[in-house]
Amino acid sequence: MEPDLHELLRSLRVWDTELPAFEPGEAPADPLTLFTRWLAEAAAAGQTEPHTMSLATTDEEGLPDVRTVMLHGADERGWAFATHVTSRKGRQLAARPYAALGFYWPARGRQIRLRGPVTVAPAEEAQSDLHARSTGALAAALVGRQSDVLPSLTDLDQASDAAWRQAERSPAAPAPTWTLYRLHPTEAEFFQGDSRRRHVRLRYRRPEGEWGTEGEWGTELLWP
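Residues numbered from 1 in each chain as written. Predicted model: local features only at pLDDT ≥ 70, side-chain atom pairs only at ≥ 80, totals over all residues. Heavy atoms only, no water.

**Let's talk about the overall build of the protein**
Link 1 in the chain: In terms of helices and strands, the protein carries 6 helices and 10 strands.
Link 2 in the chain: Across the 224 residues of the protein, 38% fall into the buried class.
Link 3 in the chain: Here the protein displays about 13,400 Å² of accessible surface, and carbon together with sulfur accounts for 51% of that area.
Link 4 in the chain: The distance from the centre of the 25 positive side-chain charges to the centre of the 32 negative ones in the protein is 3 Å. (Helix = DSSP H or I, 4+ residues; strand = E, 2+ residues; numbered from the N terminus. Buried < 20%, exposed > 50% of the residue type's maximum accessible area, 1.4 Å probe, protein only. Areas by Shrake-Rupley, 256 points an atom, 1.4 Å probe, with all protein chains shown as cover. Lys, Arg positive; Asp, Glu negative; His and termini not counted. Charge placed at Lys NZ, Arg CZ, Asp CG, Glu CD.)

Encoded structure:
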């Protein structure tokens, strides 16, 4: 017997754990510092894959798209992620170089949202980042063809096996279409859930909404 979707949804609970307090008046002056702190706390709380995030882009017609990707780093240059420039998201970023990121850590009842323009890192930096990762990551990049139509799983098995052999034989093999991107946030929102639904939302914004402008980040609270 198939489960009833609505009954299943009503039976599910959110944040079945004690949630931490968040005092926005004590938050650091920049979002990167708070992001690093919250990421470390999520990992310490046992959050599964806290370094994964939702990446939202739009296509040439302005239609939205979203998927889950891995964070490759975050510093004063922006939040980094990687994909093939020929993939669906790569093509969308080429047409509209603007995106949003979303992190969700239910172990702490926290979300982080960032949005802003996206730039492409130098090719040598993308290759260096790739070769610092696992053999499996290199093999997947060498397969390529991301977002193309796949004729059958047999084709995938054959291409993957060949890519694994190449990656093991040549750990510095280049993957020409593999590209490192950086999102430069003009806004960063930190959401702390509350069991009584008195959620705390703190938003950082750059002066004039531009990344890299001189001056401090401004902050403001948002209604939940």
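Next comes the rest of the description.
**Thoughts on unusual backbone geometry**
Negative phi is the rule for most residues except glycine; trans is the rule for most peptide bonds.
Link 1 in the chain: At S147, a position not held by glycine, the phi torsion is positive, near 80°.
Link 2 in the chain: Relative to the assigned elements, S147 resides in the loop between α5 (135-143) and α6 (153-169).
Link 3 in the chain: Given the relative accessible area of 45%, S147 is considered partly exposed.
Link 4 in the chain: You will see that R197, though not glycine, has its phi angle at about 65°, which is positive.

**Considering helix α4 (residues 123-131)**
Link 1 in the chain: Residues of α4 that are buried include every one of A126, Q127, D129 and L130, and no others. Buried positions in α4, seen along its axis, are confined to an arc of 160° and lie on one side of it.
Link 2 in the chain: Against α5 and β7 (178-183) lie the buried residues of α4. (Arc of directions from axis to C-beta. Contact = heavy atoms within 4.5 Å.)

**Here's the deal with the environment of V149**
Link 1 in the chain: Tracing the chain through its elements places V149 in the loop between α5 and α6.
Link 2 in the chain: Assessed through its relative accessible area of 80%, V149 is described here as exposed.

**Quick word on the pairing of strand β8 (residues 187-192)**
Link 1 in the chain: Among the 6 residues of β8, 6 are classified as buried, and the element is accordingly described as predominantly covered.
Link 2 in the chain: Side chains of β8 alternate between two faces, with E187, E189 and F191 and A188, F190 and Q192 buried alike.
Link 3 in the chain: Of the pairings in the sheet, the one linking strand β6 (residues 110-120) to β8 comprises 6 bridges and is antiparallel in character. Residue pairing for β8: Q111 is matched across the bridge by F191. (Pairing = 2+ DSSP bridges.)

**Comments concerning the pattern of salt bridges**
Link 1 in the chain: Considering all chains together, one arrives at 13 salt bridges under this definition.
Link 2 in the chain: The residue R203 makes a salt bridge to E187 at a minimum N-O spacing of 3.9 Å. With R203 in strand β9 (residues 200-205) and E187 in strand β8, this residue pair connects regions lying 16 residues apart in the sequence. Taken as a pair, R203 and E187 share a single burial class, namely buried.
Link 3 in the chain: With a closest N to O distance of 3.0 Å, R205 and E220 form a salt bridge. (Salt bridge = Lys/Arg side-chain N within 4 Å of Asp/Glu carboxyl O.)

**A word on the packing of aromatic side chains**
Link 1 in the chain: With the rule as written, the count across this model stands at 10 aromatic pairs.
Link 2 in the chain: Relative to W79, the ring of F35 lies with its centre 5.5 Å away and its plane at 80°, an arrangement referred to as edge-to-face. Of this pair, F35 sits in helix α2 (residues 31-44) while W79 is found in strand β4 (residues 78-84), placing the two residues 44 residues apart along the sequence.
Link 3 in the chain: Note on F190 and Y204: the rings are 5.6 Å apart at their centroids and 70° apart in plane angle, and the pair reads as edge-to-face. Remark: Y204 occurs in strand β9 and F190 occurs in strand β8; sequence separation between them is 14 residues. For the pair formed by F190 and Y204, the shared burial category is buried.
Link 4 in the chain: When the ring centre of W38 is taken as origin, the NZ or CZ atom of R110, which lies over that ring, is 4.1 Å away. (Phe/Tyr/Trp six-rings, centres within 6.5 Å; stacked < 30°, edge-to-face > 60°. Lys NZ or Arg CZ within 6 Å of the ring centre and 35° of its normal.)

**Examining the environment of D16**
Link 1 in the chain: If you trace the backbone, D16 turns up in the loop between α1 (5-11) and α2.
Link 2 in the chain: Relative accessible area serves as the criterion here: at 74%, D16 is assigned to the exposed category.
Link 3 in the chain: For the pair formed by D16 and E76, sequence separation is 60 residues and the distance between their alpha carbons is 35 Å.

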